[in-house]
Amino acid sequence: MLNVPSQSFPGPSSQQRVASGGRSKVPLKQGRSLMDWIRLTKSGKDLTGLKGRLIEVTEEELKKHNKKDDCWICIRGFVYNVSPYMEYHPGGEDELMRAAGSDGTDLFDQVHRWVNYESMLKECLVGRMAMKPAFPKDYHEEKKVLNGMLPQSQVTDTLAKEGPSSPSYDWFQTDSLVTIVIYTKQKDINLDSVIVDHRDDSFRAETVIKDYSYLVHVALSHEIQEDFSVLVVENVGKIEIVLKKKENTSWKCLGHPQENHNSFIPKKDTGLFYRKCQLVSKEDVTHDTKLFCLMLPPSTHLEVPVGQHVYLRLPITGTEIVKPYTPVCDSLFSEFKEPVLPNNIYIYFLIKIYPAGFFTPELDQLQIGDYVSVSNPEGNFIISQLQELEDLFLLAAGTGFTPMVKVLNYALTNIPSLRKVKLMFFNKTEDDIIWRSQLEKLAFKDKRFEVEFVLSAPTSEWSGKQGYISPALLSEFLKRRSDTSKVLICLCGPTPFTEQGMRMLHDLNFSKDEIHSFTA
């Protein structure tokens, strides 16, 4: 529904795609860019029509405001007058009107829940929805000081019937340590399933279980040291988070519950959580693409699962702008011979800089030591798709290569059934090819891996393949071992590339389960 305008995401030729699905854009009128919208919000003009008042909006009142020149939309309990934003929205007026006079939260989340609408629309805020608070039955119990017992999670009736079993937690202590134990009741839990953040006295541990999120969120009763350890007992689904006390005193309780503590809800209903990460290096990879390295805070445990992305957030001209990027490793060889360290503190991104863009030039201007906010991971790629795989085909265009890096890495390292991995990498010129020498070196060292480069605007000296994605190229490239062999095709690039590729793959009789597209 609401969207950062086209100058921000994606750039006019951006190829960094992260979430499945697609939507159309409409050309914006002159004077309707993101910068123009920011100027309007700072002009002092009354964009709500309420002369600065905030009101409680009933459902009946919200329904009345359902026209283009009088359009109110509710997102997560807050109501915005989006009429002034209509002409600035790159998805077009019709897309905003789909939620006119109603709660547009689900529609918003389907399209781009990463957008920082609170900042973008803060001058359009009408007020809150008037509704009765819906507290769980054990709400008053939850407000009591935690004492290590296992309080019942806030689980909806639907979740109890259809979702995984509700997790629980406990804690115990020694003279110098406090251990928080999360019982997930699932066997497929690993270190990238849990994200831990400690700020001041606030402790937050989110565990992702299938499509759900379990949160332990407390204000600790005593101070702890910055560093902690996270251990996972995979066969029983138990997570242990070991904290170090600052003083060797006995804790009478773990602490006081904070927002959404002990909740177990669909992940799509959770907000994005950010932490500030420090820029420690950036280096040129091609003439317009750089490798950025960000360092996590020492009080954070975060590992981005294979095939998932995070959001980077920067304040630009007084507005927080957010863009999604898929982390990579620092090189194609850094993680092949050695496993990822459990407490890895660095996150790497291959990012193309668009000189006329809104976000990437600001990112490129950051100095070593500056900070960028990084969100929790998101994405719908499921690692089990790679299990027992025989043939893995990767189709990437430009920086659509980024999701493929860790997929390629994981498959060659962890899938014993794997017979072949083939990458077809589309670019405009030779100078645009990311990590060309590394890819060629990998193909030489590991006979299971093959790479083919396809250029749309090569020089006369180019002897390789030329052109764009086509049925002829794909039919030659995608050779099954047998009719029954397990195959997966991953696809990522600009929207036209991905849409054409999907149609061609279906025409070549590959099933839906054999294709995963990273598209926006």
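Looking at an unreviewed UniProt entry, the chain carries the name Cytochrome b5 reductase 4, with the source organism given as Bos indicus. Recorded in UniProt under Subcellular location (unreviewed entry), the annotation for the chain is "Endoplasmic reticulum". Taken verbatim from the UniProt record of the chain, the Catalytic activity (unreviewed entry) comment is "2 Fe(III)-[cytochrome b5] + NADH = 2 Fe(II)-[cytochrome b5] + NAD(+) + H(+)".

A. Region of the structure containing the overall build of the chain. A count of helices and strands for the chain gives 12 helices and 28 strands. Residue burial in the chain is summarised as follows: out of 520 residues, 52% are buried. Contacts in the chain between residues far apart in sequence, at least 24 positions, make up 73% of those at least 6 positions apart. If you sum the accessible surface of the chain, you get close to 24800 Å²; carbon and sulfur atoms cover 49% of it.

B. Inspection of the sheet that holds strand 27 (residues 487–492) at higher detail. Across the sheet, 6 strands lie side by side as 26-25-24-23-27-28; this open sheet has parallel pairing. Each edge of the open sheet is held by one strand with a lone partner, namely strand 26 (465–466) and strand 28 (515–518). Pairing of strand 25 (residues 449–455) with strand 26 involves 2 bridges; the strand directions are parallel. Bridge pairing in strand 26 links Leu455 to Gln466. Contacting strand 23 (391–397), strand 24 (420–427), strand 25, strand 27 and strand 28, helix 9 (residues 402–414) runs over the sheet at an angle of about 165° to strand 23.

C. How the structure looks around the sheet that holds strand 7 (residues 168–173). One open sheet accounts for 4 strands, arranged 7-8-13-12; its pairing is antiparallel. Looking at the sheet topology across the chains shown, the edges are occupied by strand 7 and strand 12 (224–233). The mean inter-strand angle of the sheet, taken between neighbouring strand axes irrespective of direction, is 20°. With 6 bridges connecting them, strand 7 and strand 8 (residues 177–183) associate as antiparallel partners.

D. How the structure looks around the pattern of salt bridges. Following the criterion strictly, the structure yields 28 salt bridges and no others. We note a salt bridge from Glu61 to Lys64, for which the minimum N-O separation is 3.4 Å. Taken as a pair, Glu61 and Lys64 lie in helix 2 (residues 59–64) at a separation of 3 residues, close to a single helical turn. Owing to a relative accessible area of 54%, Lys64 belongs among the exposed residues under this scheme.

E. The arrangement of the nonpolar core in detail. Ranked by internal contacts, the top residues of the largest apolar core, which has 47 residues, are Trp37, Leu121, Leu312 and Leu363. Within the second largest apolar cluster, 41 residues are counted, among which are Val306, Leu386, Cys492 and Phe518.

F. Broad picture of the packing of aromatic side chains. What the rule picks out here adds up to 12 aromatic pairs. Taking 6.3 Å as the distance between ring centres and 75° as the angle between the ring planes, the aromatic pair formed by Tyr214 and Phe264 counts as edge-to-face. Placement of the pair is Tyr214 in strand 11 (residues 212–220) and Phe264 in strand 15 (residues 263–266), with a sequence separation of 50 residues. When sorted by exposure, Tyr214 lands in the same class as Phe264, which is buried. Chaining the aromatic ring pairs together yields one cluster made of Phe401, Phe425, Trp435 and Phe453. Sitting over the ring of Phe444, Lys447 keeps its end group 4.9 Å from the ring centre.

G. Structural context of the side chain of Asn427. Tracing the chain through its elements places Asn427 in strand 24. Its relative accessible area of 8% is what places Asn427 among the buried residues.

H. Region of the structure containing unusual backbone geometry. One non-glycine residue with positive phi stands out, namely Asp200, at about 50°. By the element assignment, Asp200 lies in the loop between strand 9 (194–199) and strand 10 (202–209). With relative accessibility at 75%, the residue Asp200 sits in the exposed group. Within the chain, Asn262 stands out as a residue other than glycine whose phi angle is a positive 60°. With respect to the helices, strands and loops of the structure, Asn262 is situated in the loop between strand 14 (255–257) and strand 15.

I. Quick peek at helix 9. An ideal rise of 1.5 Å per residue puts 18 Å on 13 residues; helix 9 measures up with 19 Å between its terminal C-alpha atoms. Counted residue by residue, helix 9 has 10 buried out of 13 residues, so it is predominantly covered. For helix 9, every residue scored as buried is listed here: Thr402, Pro403, Met404, Val405, Lys406, Val407, Leu408, Asn409, Ala411 and Leu412.

Definitions and cut-offs
Residues numbered from 1 in each chain as written. Predicted model: local features only at pLDDT ≥ 70, side-chain atom pairs only at ≥ 80, totals over all residues. Heavy atoms only, no water. UniProt positions renumbered as here; feature names shortened; annotations may be inferred. Helix = DSSP H or I, 4+ residues; strand = E, 2+ residues; numbered from the N terminus. Buried < 20%, exposed > 50% of the residue type's maximum accessible area, 1.4 Å probe, protein only. Contact = heavy atoms within 4.5 Å. Areas by Shrake-Rupley, 256 points an atom, 1.4 Å probe, with all protein chains shown as cover. Pairing = 2+ DSSP bridges. Axes fitted to C-alpha atoms, helices over the stretch in contact; angles between N-to-C directions. Salt bridge = Lys/Arg side-chain N within 4 Å of Asp/Glu carboxyl O. Core = buried A, V, L, I, M, F, W, Y, C linked by side-chain atoms within 4.5 Å. Phe/Tyr/Trp six-rings, centres within 6.5 Å; stacked < 30°, edge-to-face > 60°. Lys NZ or Arg CZ within 6 Å of the ring centre and 35° of its normal. Expected span 1.5 Å × (residues − 1).

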